[in-house]
Amino acid sequence: MQSREVDAPAVQTLLAAAVAAPSIHNTQPWRFGLDPDSRSILVRVDRRRPLPMTDPQARAQYLSVGAAVFNLRVAAEHLGWEPLVRLRPAEDDPDLLATVQLTGPVAGPSAPRDLRELYGAIERRRTSRMPFTGRTVPDQVVMEMTGSARAEGAHLDVPDIVTTRRLLRLTAAAESRNAVHPARTAEVRTWLTAPGAAAPYGVPLTALGPRDASGRVPVRDFTGAPPAPQLPTLRFERHVQLALLWTHHDRREDWLRAGQALERVLLTATAHGVRTSMLHQAMEWPDLRQAMAGSRRRCHPQLLIRFGYGPDGGRTPRATADEAP
Ligand SMILES: Cc1cc2nc3c(=O)[nH]c(=O)nc-3n(C[C@H](O)[C@H](O)[C@H](O)COP(=O)(O)O)c2cc1C
């Protein structure tokens, strides 16, 4: 096993898993390479699709790359390798965000859930911006989700009703600010793709859900003002189930860890038949992001996750190796 080569089918399996990760506006801000000598996958940030308005520090893009790194780890274990991750391993190569070295055979199951068990969820996971049924996700599943974040060095709070309302209000405030900010609206709009368009990046109109008739769930408006396509309106769940992902620090390494935690949480939910979507808007305004932390000290909110039972989300495209040199 130690001397096993990373053959072409294995590389294909690893990369297919990596690119299935979620990314802000489906910008897929990653590039991969292979160092056969050290049997390592090199993960770089791809700076060619920046979001200067939404994500000026590229924090959300680092989260996205972190999610891809987590999928690489799951796929490596699925193929029988123990993955060894080094974050930002080379000072003189700042775009190299991680290396995932395929070391010996997988040892015993890793707590709290064997990563191999999450492999099937990688392809099944999709962002669902649809209304959920409101059926409560069992405590056992929620505990597994919070344990998944903890296992990656991050934290996941599942708030009570009062805090849930506060987090939704802050997200709605961000959404309202975005709506009257022409440069931000224009930036988001460039990532919305028309049905049938062959664009390898961005969010297709078919992956969007309706607007919430009650106004309770502030899903991101990718469409902008008329004459842009107008979405139907439906009632979303009354009891919205949210989880706030946060870290103690806010360095680049923390963003990469938070991204791995994010994907571990999403895959754990998916493995239990729970749908997920993301509400990132409040993270894009420093005062609102700080307010999301509440009275906690040393709390840096990274992303708000909405979860529950309901319909699947629409498919989003991925760039092939030719499209992403
Ligand atoms: C850091 C991050 C932030 C995101 N923020 C939002 C958001 O605010 N609203 C939203 O509808 N989707 C959000 N998404 C989901 C992406 O749009 C989605 O992952 C992408 O379009 C690919 O689709 P998929 O998740 O179905 O594979 C976010 C994803 C990531 C990783």
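Residues numbered from 1 in each chain as written. Predicted model: local features only at pLDDT ≥ 70, side-chain atom pairs only at ≥ 80, totals over all residues. Heavy atoms only, no water.

A. Seen up close, the pairing of strand 4 (residues 96-105). Counting buried residues in strand 4 gives eight out of 10 residues, a clear majority hidden from the surface. Pairing of strand 3 (residues 81-87) with strand 4, which is carried by six bridges, proceeds in the antiparallel orientation. Among the inter-strand pairings, proline 83 is bridged to a residue of strand 4, identified as leucine 102. (Buried < 20%, exposed > 50% of the residue type's maximum accessible area, 1.4 Å probe, protein only. Helix = DSSP H or I, 4+ residues; strand = E, 2+ residues; numbered from the N terminus. Pairing = 2+ DSSP bridges.)

B. Looking closely at the nonpolar core. Core analysis: the biggest nonpolar cluster contains 36 residues, and Val6, Leu14, Val43, Val65 and Leu72 have the highest contact counts within it. Residue assignment for this core shows that the elements contributing at least two residues are helix 1 (8-19), strand 2 (40-45), helix 2 (59-78), strand 4, helix 3 (119-124) and helix 7 (252-271). For this core, the element with the most residues is helix 2, which contributes 10 residues. If near-sequence neighbours (up to four positions away) are discounted, valine 6 is found in contact with Val11, Leu14, Arg39, Trp81 and Leu102. Membership of the second largest hydrophobic core comes to 21 residues, among which are Leu63, Leu156, Ile305 and Phe307. (Core = buried A, V, L, I, M, F, W, Y, C linked by side-chain atoms within 4.5 Å. Contact = heavy atoms within 4.5 Å.)

C. Fine view of the sheet that holds strand 11 (residues 275-279). Taken in spatial order, the four strands make up an open sheet running 5-10-12-11, and their pairing is antiparallel. Only two strands of the sheet have a single neighbouring strand rather than two, namely strand 5 (155-157) and strand 11. Between one strand axis and the next, the sheet turns by 30 degrees as a mean value, whatever way the strands run. Note: strand 11 against strand 12 (residues 300-308), five bridges, orientation antiparallel. Bridge pairing links arginine 275 to glycine 308 in strand 12. Against the sheet, helix 4 (residues 139-151) touches strand 5, strand 10 (241-247) and strand 12, its axis set at about 150 degrees to strand 5. (Axes fitted to C-alpha atoms, helices over the stretch in contact; angles between N-to-C directions.)

D. Representation of unusual backbone geometry. Unlike most non-glycine residues, asparagine 26 shows phi in positive territory, near 55 degrees. Checked against the element boundaries, asparagine 26 lands in the loop between helix 1 and strand 1 (30-35). Judged by relative accessible area, asparagine 26 falls into the buried class, the value being 4%. Although it is not a glycine, arginine 39 sits at a positive phi angle of roughly 50 degrees. Along the chain, arginine 39 falls in the loop between strand 1 and strand 2. A relative accessible area of 12% means that arginine 39 is categorised as buried.

E. Main features of helix 2. Spanning 20 residues, helix 2 covers 29 Å between terminal C-alpha atoms, matching the ideal 28 Å at 1.5 Å per step. Most of helix 2 is tucked away: 19 of the 20 residues are buried. Positioned one or two residues after helix 2, glycine 80 has a phi angle of 100 degrees, which is positive. (Expected span 1.5 Å × (residues − 1).)

F. Looking closely at the site of the ligand. Taken together, 22 residues lie near the ligand, and Arg125, Thr127, Arg129, His280 and Arg318 sit nearest. Interatomic distance of 2.7 Å between a side-chain N/O atom of arginine 318 and an oxygen atom of the ligand. In isolation the ligand exposes 630 Å². Once the protein is present, 98% of that is buried. Put simply, the parts of the chain that give the shell around the ligand at least two residues each are helix 2 and strand 11. If you tally residues by element for the shell around the ligand, the top one is helix 2, at three residues. Taken together, the residues that form the shell around the ligand break down as nine nonpolar, eight polar and five charged. Taken together, domain 1 (8-124) and domain 2 (139-308) each give at least three residues to the shell around the ligand, which thus spans both. (Near = heavy atom within 4 Å. Polar contact = N/O pair within 3.5 Å; in protein donor to acceptor, adjacent residues only side chain to side chain. Areas by Shrake-Rupley, 256 points an atom, 1.4 Å probe, with all protein chains shown as cover. Nonpolar A, V, L, I, M, F, W, Y, C, P; charged D, E, K, R; others polar. Domains from an automatic or database assignment.)

G. Inspection of the domain arrangement of the protein chain at higher detail. Domains assigned within the protein chain are domain 1 (8-124) and domain 2 (139-308). With 35 residues of domain 1 at the interface, the matching set in domain 2 holds 40 residues. Taken over both partners, the interface formed by domain 1 and domain 2 buries close to 3,400 Å², and the fraction arising from carbon and sulfur atoms is 63%. Our enumeration of links across domain 1 and domain 2 arrives at two salt bridges. Among the ionic pairs, glutamate 253 bridges to arginine 88, the shortest N-O distance being 3.4 Å. For the pair domain 1 and domain 2, the number of links is 13 residue pairs in polar contact (both at pLDDT 80 or more). Of all elements in the fold, only helix 2 and helix 3 reach the threshold of two or more residues within the side of domain 1 that touches domain 2. Element by element, the count of residues in the side of domain 1 that touches domain 2 is highest for helix 2, at 11 residues. (Buried area = accessible area lost by both parts, 1.4 Å probe. Salt bridge = Lys/Arg side-chain N within 4 Å of Asp/Glu carboxyl O.)

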